[in-house]
Amino acid sequence: MNCRVVVEAAVPVFDVETEDEAIRIAISKTGEMLNPDLNYVEINMGERTSPSGEELPPAFIAADEALVALELEMTVFNVEREEHASRIARKEIGQRLENIPLEVLNVDVLEAEDEDEDEATEERDENEEVAEDDENDEDDVLPEFEDLIE
């Protein structure tokens, strides 16, 4: 089973004046920490809400320092349970994002895509076999170069 895991990260950013600047720096900083090992992790702005349900920007600034909420998405392949997928994602991302708190937001199972990929792989393998057979048949049909000269 394959799963898509979304992990929330609280990224600290220093010497910023605006929320947009803090978000840009946090995304850049996180990308640098994850690359090149985890370049397949998607980095998005997080969503924050107040206790009353009001939407808040993903960055909180105080004294020129910010804490930015980011959502990191990755696909985990060949797991038995959703809990296993969340542990793998936390471990892989957490190893690169040292001293940054992480929380798993959700885990989505991707079984339908997995079946489609398996079918596509089988079709591709069959097409390759047919192409190889065609190449072998062409070898038998075409005369050798030496035969053409004679």
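Please refer to the structure higher up on the page.
Every value quoted in this text rests on a predicted model; they were computed, and no experiment measured them.

Considerations on the side chain of Glu71
- As for its placement among the helices and strands, Glu71 is situated in strand β6 (residues 65-76).
- The residues contacting Glu71, other than those within four sequence positions of it, are Val6, Val7, Glu42, Ile43, Asn44, Met45, Gly46, Glu47 and Leu105.

Concerning the environment of Asn99
- In this structure, Asn99 sits in the loop between α2 (82-96) and β7 (102-109).
- Residue classification places Asn99 among the exposed residues on the basis of a relative accessible area of 72%.

Concerning the side chain of Arg4
- As for its placement among the helices and strands, Arg4 is situated in strand β1 (residues 3-14).
- Side-chain polar atoms of Arg4 contact the side chain of Glu42, separated by 2.7 Å.
- Non-local contacts of Arg4, meaning those with residues more than four positions away in its chain, are made with Glu42, Glu73, Met74, Thr75, Asn106, Val107, Asp108 and Leu110.

Concerning the pattern of salt bridges
- The final tally for this structure, using the stated rule, is five salt bridges.
- With a shortest N-O distance of 3.5 Å, Arg4 and Glu73 are connected by a salt bridge. Taken together, the residues Arg4 in strand β1 and Glu73 in strand β6 connect sequence positions 69 residues apart. Just as Arg4 is buried, Glu73 falls in that class too.
- Measuring nitrogen to oxygen at the nearest pair gives 3.7 Å for the salt bridge that ties Arg96 to Asp37. Highlighted residues: Arg96 in helix α2 and Asp37 in the loop between α1 (19-34) and β2 (42-45), separated in sequence by 59 residues.
- Arg96 sits in the partly exposed class, given a relative accessible area of 22%.
- Within this structure, Arg4, Glu42 and Glu73 form a network of salt bridges that share partners.

Reading the values: rules and limits
Starting from 1, residues in each chain are numbered consecutively following that chain's sequence as written. Where totals are concerned, whole chains, interfaces and linings use all residues; where local detail is concerned, this predicted model gives features only for residues with pLDDT of at least 70, and gives and counts side-chain atom pairs only at 80 or more. By convention in this description, side-chain values take in all heavy atoms of the structure and omit both hydrogens and water. The way it works is that DSSP assigns letters per residue, a run of H or I at least four long becomes a helix, a run of E at least two long becomes a strand, and they are numbered from the N terminus. Between two residues, a contact is recorded if the distance between any of their heavy atoms is within 4.5 Å. Only protein chains enter the calculation, and the probe is 1.4 Å; a residue is then buried if its accessible area is under 20% of its type maximum, exposed if over 50%, and partly exposed in between. In protein, a polar contact requires one atom able to donate a hydrogen and another able to accept it; more generally it is a pair of N or O atoms within 3.5 Å, and residues adjacent in sequence count only if both atoms are side-chain atoms. By definition here, a salt bridge exists when the distance from a side-chain nitrogen of Lys or Arg to a carboxyl oxygen of Asp or Glu is within 4 Å.

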